[in-house]
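As a plain string of letters, each chain reads:
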Amino acid sequence: MYFCFCRLPLAFVALFTMWGSARGEELPADQTISFSSQVAPILQTRCVACHGEKLAESDYRMDSFAALVANTSSDQPAVLASDAKNSELYQRLIHQDEDLRMPSEAAALPEEEIELIRRWIEQGAVFDGDSRDTLLTNLLPVHNHPAAPRKYRASIPISALAVLGDENRIYVGGYHEITVWNTAGELLSRIGNQGERTYSIEPDPTGKWLLSASGTPGIMGEVRIFDLASGKMHAVVTRTDEVILDAQYSPDGKRIAVAFPNGVVDIYNAETLTKEVTLLGHSDQVTSVHWHTDSNRLGTTSRDNAAKIYDANTGRSISTFAGHSACVNSLAFLDGNDVITVSDDGKAIIWSAADGRKNREVISGSMSLLDVARFDRHYWITSTQGAQQFEIGSHRRLVQLQSEGDWVTTVAKNKLPDLRIFGLHSGELIVRQGEQEMPRILTRP
Ligand code: HEC
């Protein structure tokens, strides 16, 4: 994956400010205020940008309930149950001195929102979520994404692609949807309710669920699970304030690894969707995650130019490869301890998962290498200039696929022995059945 993001926190604040104030309707006097669905959306959109993980003004974080009720640096507690007047958080909303009033350097909250927060505190500042440590973004009510356009005016570059088990169904990331095609190029169905762009699509090993990572650059990112049979949303695994580029089921189907924009990788229980392990060590956006077939190890790549191997059970970092000089886009486990990574620096490098030591370079060129996937006894590498197939072991090049100047952004990681499907920047699919290339499919409804 090759996406380059500039962060747009202002767009984020502006967009959700509108949403925030639209909800300040008249409140019946006896209504119980819900923290999760009424207070958290205001704090998330108006406060967390300056009081969160990346930026914690005055060391005060508000990105979870546990953090926002913890002490502030002042003598007053941040939130004193049943006593808004002596709660620093409330005081800051109504402060006469504009330099001290929150949100800092912005208009005060609308009166209805301030009143809502006051009443929530007066009613006892009750927490109505599951865990006090859950990020506020994950407490917010789930909302439906805008509907996909019925007909597209332009093609969408393919950034996510999957082929399901033994059926020839091809799932492609579209605009606010996933489109489903067969190898003859017919549109079979459309799965809506996705973020603006989809960055990874992954069926679970039983073929019952479809996992998608999607988002809108600078605004939001999300991982959702869909019921494959009905196309309906089943659950939201997690949400954050920047796009999520990858989410993958472990081969045994028991866990889900999610690549976060802040460099963190979290592993969730696939059934309960609770977070089990957090993997630390990357300092910038994680671009991809890859489970070893043993479901115990996880390989990760990042915009910090590094790739890492973790013990997925303990979260311990096993090895780090720092030999690339640009964003690392993808990784594949080969035989034994061999791992291959591909990067925007034009290199495909084989190194050892045990100690991070470099073995050899398979490609060293001027184009960006975008994806790599292992199949039985060979692997494919895709790039801004086509795709190449190599033999495992000898690393001999077997096939060179021309894409006529089009970027081959990704290759489907399916298990079908003869079917290889490549996604292009133009929105087309190249389907190879054995040695034969079938007519290209334009994935544009
Ligand atoms: C643009 C950045 C920004 C935003 C948005 C913002 N704050 Fe602040 N906040 C600050 C800064 C800077 C300070 C430290 C200076 C000060 O104490 O006034 C601060 C301090 C605080 C403190 C005092 C913490 C302490 O330890 O003393 C509280 C409470 C607080 N903010 C609450 C809020 C609330 C509630 C919101 C949302 C309605 C919010 N802030 C939004 C920048 C921000």
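Residues numbered from 1 in each chain as written. Predicted model: local features only at pLDDT ≥ 70, side-chain atom pairs only at ≥ 80, totals over all residues. Heavy atoms only, no water.

What about helix α2 (residues 35-46)?
Moving on, step 1. Within α2, eleven of the twelve residues are buried, leaving the element largely enclosed by the surrounding structure.
Moving on, step 2. Burial in α2 covers these residues: Phe35, Ser36, Gln38, Val39, Ala40, Pro41, Ile42, Leu43, Gln44, Thr45 and Arg46.
Moving on, step 3. Capping of α2 at its N-terminal end is provided by serine 34; its side-chain oxygen lies 3.3 Å from the backbone amide nitrogen of serine 36. (Buried < 20%, exposed > 50% of the residue type's maximum accessible area, 1.4 Å probe, protein only. Helix = DSSP H or I, 4+ residues; strand = E, 2+ residues; numbered from the N terminus. Polar contact = N/O pair within 3.5 Å; in protein donor to acceptor, adjacent residues only side chain to side chain.)

Overview of the coordination of the iron atom of the ligand
Geometry reference: four tetrahedral donors at a metal, ideal angle 109.5 degrees. Six octahedral donors, ideal angles 90 or 180 degrees.
Moving on, step 1. Around the iron atom of the ligand, the donor atoms from the protein are His51 (NE2) and Met102 (SD), and they sit 2.1 to 2.3 Å away.
Moving on, step 2. Its six donor atoms give the iron atom of the ligand angles of 85 to 178° at the centre, a pattern that matches the octahedral case. Of this pair, histidine 51 sits in the loop between α2 and α3 (65-68) while methionine 102 is found in the loop between α4 (88-94) and α5 (111-122), placing the two residues 51 residues apart along the sequence.
Moving on, step 3. A residue is classified by how much of its surface remains accessible, and histidine 51, at 11% relative accessible area, is buried.
Moving on, step 4. Among the residues examined, methionine 102 registers a relative accessible area of 21% and is labelled partly exposed. (Donors = N, O, S within 2.8 Å, 3.2 Å for Na, K, Ca; no water. Tetrahedral: all angles 85-135°; square planar, octahedral: opposite > 155°, others 65-115°.)

A closer look at the sheet that holds strand β13 (residues 286-291)
Moving on, step 1. Taken in spatial order, the four strands of this open sheet run β13-β14-β15-β16, and their pairing is antiparallel. Strands at the two margins of the open sheet, each flanked by one partner only, are β13 and β16 (317-321). If you compare each strand with its neighbour and ignore which way they point, the axes differ by 15° on average. (Pairing = 2+ DSSP bridges. Axes fitted to C-alpha atoms, helices over the stretch in contact; angles between N-to-C directions.)

Remarks on the sheet that holds strand β17 (residues 328-333)
Moving on, step 1. With antiparallel pairing, the four strands of this open sheet are ordered in space as β17-β18-β19-β20. Both outer strands of the open sheet, β17 and β20 (358-364), are each paired with one neighbouring strand and no more. Within the sheet, the average angular offset between the axes of one strand and its neighbour, ignoring direction, is 20°.
Moving on, step 2. Across five bridges, β17 lies against strand β18 (residues 338-343) in antiparallel orientation. Within the sheet, the bridge partner assigned to phenylalanine 333 lies in β18 and is valine 339.

Points about the site of the ligand
Moving on, step 1. Taken together, 19 residues lie near the ligand, and Cys47, Cys50, His51, Ser73 and Met102 sit nearest.
Moving on, step 2. Here an oxygen atom of the ligand and a side-chain polar atom of serine 58 are 3.2 Å apart.
Moving on, step 3. At 2.8 Å, a side-chain N or O of arginine 92 approaches an oxygen atom of the ligand.
Moving on, step 4. Grouping the constituent residues of the shell around the ligand by class yields nine nonpolar, six polar and four charged. (Near = heavy atom within 4 Å. Nonpolar A, V, L, I, M, F, W, Y, C, P; charged D, E, K, R; others polar.)

Re the packing of α2 against α5
Moving on, step 1. Contact geometry of α2 with α5 gives a least axis separation of 10 Å together with a crossing angle of 130°. Between α2 and α5, the interaxial angle falls into the category oblique. As for how α2 packs across α5, the hand of that crossing is left-handed. Along the contact surface, α2 presents Phe35, Gln38, Val39, Ile42 and Leu43, while α5 presents Glu113, Leu116, Ile117 and Trp120.
Moving on, step 2. Broken down by class, the residue content of the contact of α2 with α5 amounts to seven nonpolar, one polar and one charged. (Parallel < 35°, antiparallel > 145°, perpendicular 65-115°, else oblique. Left-handed = near helix turned anticlockwise from the far one by under 90°. Contact = heavy atoms within 4.5 Å.)

Focus: the pattern of salt bridges
Moving on, step 1. Tallied over the full model, the rule gives 16 salt bridges.
Moving on, step 2. A salt bridge links arginine 190 to glutamate 177, with the nearest nitrogen and oxygen atoms 2.9 Å apart. With arginine 190 in strand β4 (residues 187-191) and glutamate 177 in the loop between β2 (170-173) and β3 (178-181), the pair connects residues that are 13 residues apart, well separated along the chain.
Moving on, step 3. With a closest N to O distance of 3.3 Å, arginine 396 and glutamate 391 form a salt bridge.
Moving on, step 4. Of the residues examined, arginine 396 reaches a relative accessible area of 47% and is grouped as partly exposed.
Moving on, step 5. One salt-bridge network, in which partners are shared between bridges, spans Asp335, Arg374 and Arg377. (Salt bridge = Lys/Arg side-chain N within 4 Å of Asp/Glu carboxyl O.)

Remarks on the nonpolar core
Moving on, step 1. Counting residues in hydrophobic clusters, the biggest one holds 29 residues, and the most contacted among them are Phe35, Leu43, Leu68, Ile117 and Trp120.
Moving on, step 2. Those elements that place two or more of their residues in this core are α2, α3, α4, α5 and α6 (136-139).
Moving on, step 3. Residues contacting phenylalanine 35, with those up to four places away along its chain left out, are Ala40, Pro41, Leu43, Phe65, Leu68, Trp120, Val126, Phe127, Asp128, Leu136 and Leu139.
Moving on, step 4. Formed by 17 residues, the second largest nonpolar core is a distinct cluster that contains Val223, Ala235, Phe260 and Tyr268. (Core = buried A, V, L, I, M, F, W, Y, C linked by side-chain atoms within 4.5 Å.)

Re the confidence of the model for the protein chain
Moving on, step 1. Of all residues in the protein chain, 93% have pLDDT values of 70 or greater, and the mean over the chain is 90.
Moving on, step 2. For residues 1-25, every residue scores under 50 in pLDDT, and the model assigns this stretch 46 contacts once sequence neighbours within four places are set aside. (pLDDT = per-residue confidence, 0-100.)

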